[in-house]
Amino acid sequence: MEQFASENEKNDWKDNITILFSEEVLRKKVEELGAAVSKDYASRTPVLVAVLKGSFIFIADLCRKISIPVIFDFMAVSSYGDSMVSSGVVRITKDLDYSIENMDVLIIEDIIDSGRTLNYLVKNIEARNPKSVEICALLDKDVPGKFKNKIKYKGFDIPNKFVVGYGLDYAENYRNLPYIGYIENTV
């Protein structure tokens, strides 16, 4: 039997979200990051590797602020499932479509939590012999005991809260919010 949300549930679905970064704040930060990437890669054509699903909105906005040619590819990795806490097991659910050997790779991440997934991903990409590997992350969460990853382009540092919106989800919900916020109460 299918379950549908009532009209009240449909209208209340974002009432428990506290906004951390508005649309305007996100737009300005993405412009800054795009300008920095354009400057640093001015004589090269980087491969932007977006980590799906969470980074799809970020990369869509970011690439339009990059003023140099870029190549796109995508990977999907999972360590959460439908939980608010990482399982600790990282799996590649969608691999790159193209070879990145001798290419400049820029990993585009929505959020770095424990850093475990990103650490795994960097090692996986480095094993493919790219010319360089750098990281662009919109959010870097303050998590005790996190893996240290060298982030070249960072949007925001955030507190240890579960955030949603702008591509980030909780059980596949909230990705379409135009801002980033955190959930007050688990829904």
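Values in this document were obtained by computation on a predicted structure and should not be read as measured data.

Engineer: Looking at this model, I keep getting lost on unusual backbone geometry. Mind explaining?
Structural biologist: Only a minority of non-glycine residues have a phi that is not negative, and only a minority of peptide bonds are not trans. Put simply, L52 and K53 share a cis peptide bond, and its omega is 0°. For N129, which is not glycine, the phi dihedral falls at a positive 60°. Among the secondary structure elements, N129 is positioned in the loop between α4 (116–126) and β6 (132–141). Non-glycine residue A171 carries a positive phi angle of around 55°. In this fold, A171 is placed in the loop between β8 (163–164) and β9 (180–183). By relative accessible area, A171 is classed as partly exposed at 30%.

Engineer: Sorry, what's going on with the sheet that holds strand β1 (residues 17–21) here?
Structural biologist: In a beta sheet, neighbouring strands are held together by backbone hydrogen bonds and run either parallel or antiparallel to one another. Ordered by their spatial adjacency, 3 strands build an open sheet running β1-β9-β8, and the pairing between neighbours is antiparallel. The open sheet terminates on both sides in strands that have one partner only, identified here as β1 and β8. Summarising the sheet, β1 and β9 pair through 4 bridges and their orientation is antiparallel. Bridge pairing in β9 links T18 to Y182.

Engineer: For this particular structure, what's the right way to read α4?
Structural biologist: Residues spaced three or four apart along an α-helix face the same direction, because each turn holds 3.6 residues. What α4 keeps buried is the set T117, L118, N119, L121, V122, N124 and I125. Packing partners of the buried residues in α4 comprise β2 (47–52), β3 (71–78), β4 (91–94), β5 (104–112) and β6.

Engineer: Looking at this model, I keep getting lost on the packing of helix α2 (residues 23–40) against helix α3 (residues 56–63). Mind explaining?
Structural biologist: Each pair of packed helices can be summarised by the angle the axes make with each other and by the distance between the axes. Running from N to C, α2 and α3 point in directions that differ by 60°, and their axes come no closer than 9 Å. Considering their axes alone, α2 and α3 lie oblique with respect to each other. Once α2 is placed against α3, the crossing between them reads as right-handed. Where α2 approaches α3, its residues V30, L33 and G34 are matched on the opposing element by F58, D61 and L62. Tallied by class, the residues present in the contact of α2 with α3 amount to 4 nonpolar, 1 polar and 1 charged.

Engineer: I tried to follow the pairing of β9 on my own but got confused; where do I start?
Structural biologist: Regular strands place their side chains on alternate faces of the sheet. When β8 meets β9, the two strands line up antiparallel, connected through 2 bridges. Bridged to V163 within β9 is Y182.

Engineer: Would you take a moment to explain the sheet that holds β3 for this structure?
Structural biologist: Read from one edge of the open sheet, 6 strands run β4-β3-β2-β5-β6-β7, paired in mixed fashion. Looking at which strands have only one partner, the edges of the open sheet turn out to be β4 and β7 (153–158). On average, each strand axis in the sheet is inclined to that of its neighbour by 30°, with strand direction left out of account. In terms of strand pairing, β2 meets β5 through 4 bridges, oriented parallel. Directly across from A50, in β5, lies its bridge partner I108.

Reading guide: rules and limits
- Residues numbered from 1 in each chain as written.
- Predicted model: local features only at pLDDT ≥ 70, side-chain atom pairs only at ≥ 80, totals over all residues.
- Heavy atoms only, no water.
- Helix = DSSP H or I, 4+ residues; strand = E, 2+ residues; numbered from the N terminus.
- Buried < 20%, exposed > 50% of the residue type's maximum accessible area, 1.4 Å probe, protein only.
- Pairing = 2+ DSSP bridges.
- Contact = heavy atoms within 4.5 Å.
- Axes fitted to C-alpha atoms, helices over the stretch in contact; angles between N-to-C directions.
- Parallel < 35°, antiparallel > 145°, perpendicular 65-115°, else oblique.
- Left-handed = near helix turned anticlockwise from the far one by under 90°.
- Nonpolar A, V, L, I, M, F, W, Y, C, P; charged D, E, K, R; others polar.

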